Amino acid sequence: MWQLLPPAALLLLVSAGMQAADLPKSVVLLDPPYDRVLTFDNVILKCQGKDPFGNSSTEWLHNGKPISAKSSSYFFTVDSVNDGGEYRCRDDFSSFSDPVHLTVRTGSLLLQSLQWVFQVGEPIQLRCHTWKNKTVTRLSYLRNGVVKKFSHNYFDFYIPEAKQEHNGSYFCRGIVAGNNVSSETVHIFVQEGRHYSNGTGEAIPSTRTDFISWQITIFLVVGFLFAVDTGLYFFVWRDLRSSVEIRRDINVRAKTLMTYDP
Ligand SMILES: *[C@@H]1O[C@H](CO)[C@@H](O)[C@H](O)[C@H]1NC(C)=O
Ligand SMILES: *[C@@H]1O[C@H](CO)[C@@H](O)[C@H](O)[C@H]1NC(C)=O
Ligand SMILES: *[C@@H]1O[C@H](CO)[C@@H](O)[C@H](O)[C@H]1NC(C)=O
């Protein structure tokens, strides 16, 4: 029986090591879903952890430093540019999420989009967000300094299918509280859609690589089990054969003894 112990112990070690290294990551979601905000905006950061009961406490990091928030939704009103930067979270059942980067601006107008890199053919939607949600009139969206769309009232700039020509620098301009104001310029990248896209401009979704690493791990574990199994088979088979030979030997000797017995 002791021969079984080393492989079993090894297997336990392997699975324990796997659990520590492969703890899934939490995910931080922004609500509203824009990564550029103005002062006085309300922001909710939501931590999607892996707790099956949903009652474990959440740890938050802002620019690498722990913050006092402990619940899975972190609500705050943007006070200054110091609220910008990287946010990460985790619960008791996961490792820290990839960072979410929040940019805080102080102007009257801010261009917002769900993403800044698009593949050819994807829709582009730009918002011209105003400070404290004030009313904006005579609104224009400009690309490379040229007005592309104008309206007396608020509208989102919508391009149903991105083309190469939509690659460029954008800003919005309008009248807020009697002043002619402009947003900062932001670059929108339009790429040829040759590689995988998950719609956020990320080339390969991390869930896909997670999946591949899981497949490799399973493959290795199955291979390991097969090797252990085969080893055990030959080991037991050799033992059995030698014990059969010993028994045969005893039988032969017994017969020989019986034959020679008077
Ligand atoms: C969460 O809930 C589970 C199941 O109801 C319970 O066993 C566990 O102790 C709870 N954990 C905390 C941190 O409250
Ligand atoms: C898009 O604009 C950027 C910055 O001006 C430039 O580097 C890039 O080559 C442009 N891409 C295409 C496909 O035109
Ligand atoms: C705002 O100022 C720019 C020049 O800086 C001008 O071209 C534009 O027409 C003005 N917009 C409005 C709505 O008056």
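How each quantity is defined
- Residues numbered from 1 in each chain as written.
- Chains lettered and ligands numbered in written order.
- Predicted model: local features only at pLDDT ≥ 70, side-chain atom pairs only at ≥ 80, totals over all residues.
- Heavy atoms only, no water.
- Core = buried A, V, L, I, M, F, W, Y, C linked by side-chain atoms within 4.5 Å.
- Buried < 20%, exposed > 50% of the residue type's maximum accessible area, 1.4 Å probe, protein only.
- Helix = DSSP H or I, 4+ residues; strand = E, 2+ residues; numbered from the N terminus.
- Contact = heavy atoms within 4.5 Å.
- Near = heavy atom within 4 Å.
- Polar contact = N/O pair within 3.5 Å; in protein donor to acceptor, adjacent residues only side chain to side chain.
- Areas by Shrake-Rupley, 256 points an atom, 1.4 Å probe, with all protein chains shown as cover.
- Nonpolar A, V, L, I, M, F, W, Y, C, P; charged D, E, K, R; others polar.
- Disulfide = S-S within 2.5 Å.
- pLDDT = per-residue confidence, 0-100.
- Salt bridge = Lys/Arg side-chain N within 4 Å of Asp/Glu carboxyl O.
- Pairing = 2+ DSSP bridges.
- Axes fitted to C-alpha atoms, helices over the stretch in contact; angles between N-to-C directions.

## Concerning the nonpolar core
So, step 1. Membership of the largest hydrophobic core comes to 21 residues, with the highest contact counts inside it found for Ile124, Leu126, Tyr141 and Ile188.
So, step 2. When residues of this core are traced back to their parent elements, those giving at least two are β9 (109-112), β11 (124-130), β12 (136-143), β14 (157-159), β15 (168-176) and β17 (186-191).
So, step 3. Among all residues touching Leu126, those that are not within four sequence positions of it are Leu111, Gln112, Ser113, Tyr141, Asp156, Phe157, Tyr170 and Ile188.
So, step 4. Membership of the second largest hydrophobic core comes to 15 residues, among which are Val43, Val100, Leu102 and Val104.

## With respect to the site of ligand 3
So, step 1. The local shell around ligand 3 consists of Arg138, Arg173, Ile175 and Asn180.
So, step 2. One of the side-chain nitrogen or oxygen atoms of Asn180 is found 2.2 Å away from an oxygen atom of ligand 3.
So, step 3. Computed on the free molecule, ligand 3 has an accessible area of 360 Å², of which 46% lies beneath the protein chains in the complex.
So, step 4. Residues of the shell around ligand 3, tallied by class, amount to one nonpolar, one polar and two charged.

## Focus on the state of the cysteines
So, step 1. Summed over all chains, the structure comprises two disulfides.
So, step 2. What pairs with Cys47 in a disulfide is Cys89, and their sulfur atoms sit 2.0 Å apart. The sign of the 85° torsion about the S-S bond sets the Cys47-Cys89 disulfide as right-handed. Here Cys47 is found in strand β3 (residues 42-48), whereas its partner Cys89 is found in strand β7 (residues 85-90), with 42 residues between them in sequence. Each of the two residues, Cys47 as well as Cys89, counts as buried.
So, step 3. In this model Cys128 forms its disulfide with Cys172; the gap between the sulfur atoms is 2.0 Å. In this structure the cystine formed by Cys128 and Cys172 twists about its S-S bond by roughly 75°; its chirality is therefore right-handed. Linking Cys128 in strand β11 with Cys172 in strand β15, this pair joins segments that are 44 residues apart in sequence.
So, step 4. The class for Cys172 is buried, based on a relative accessible area of 0%.

## Observations regarding the confidence of the model for the chain
So, step 1. With 66% of its residues at a pLDDT of 70 or more, the chain shows a mean pLDDT of 81.
So, step 2. Taken together, the stretch residues 10-18 has pLDDT below 50 and engages in seven contacts with residues farther than four places along the chain or on a different chain.

## Structural notes on the pattern of salt bridges
So, step 1. In this structure the tally under the stated criterion is five salt bridges.
So, step 2. The closest approach of N and O atoms between Asp31 and Lys46, which form a salt bridge, is 3.2 Å. Of the two residues, Asp31 is situated in strand β1 (residues 27-31) and Lys46 in strand β3; the sequence distance between them amounts to 15 residues.
So, step 3. By relative accessible area, Lys46 is classed as partly exposed at 34%.
So, step 4. Glu184 is the salt-bridge partner of Arg36, the closest N and O atoms lying 3.5 Å from each other. A residue pair is termed long-range when its members are at least 10 positions apart, and Arg36 in strand β2 (residues 36-38) and Glu184 in the loop between β16 (179-182) and β17 qualify at 148 residues.
So, step 5. Where salt bridges share partners, they join Arg36, Arg105 and Glu184 into one cluster.

## Details of the sheet that holds β3
So, step 1. Judged by pairing direction, the sheet is antiparallel, and its three strands sit side by side in the order β1-β3-β6 without closing on themselves. Whereas interior strands pair on both sides, the edge strands pair on one side only; in this sheet they are β1 and β6 (73-77). Adjacent strand axes in the sheet meet at a mean angle of 20°, parallel and antiparallel pairs treated alike.
So, step 2. Pairing of β3 with β6 involves five bridges; the strand directions are antiparallel. From the neighbouring strand, Leu45 faces β6, where its bridge partner is Tyr74.

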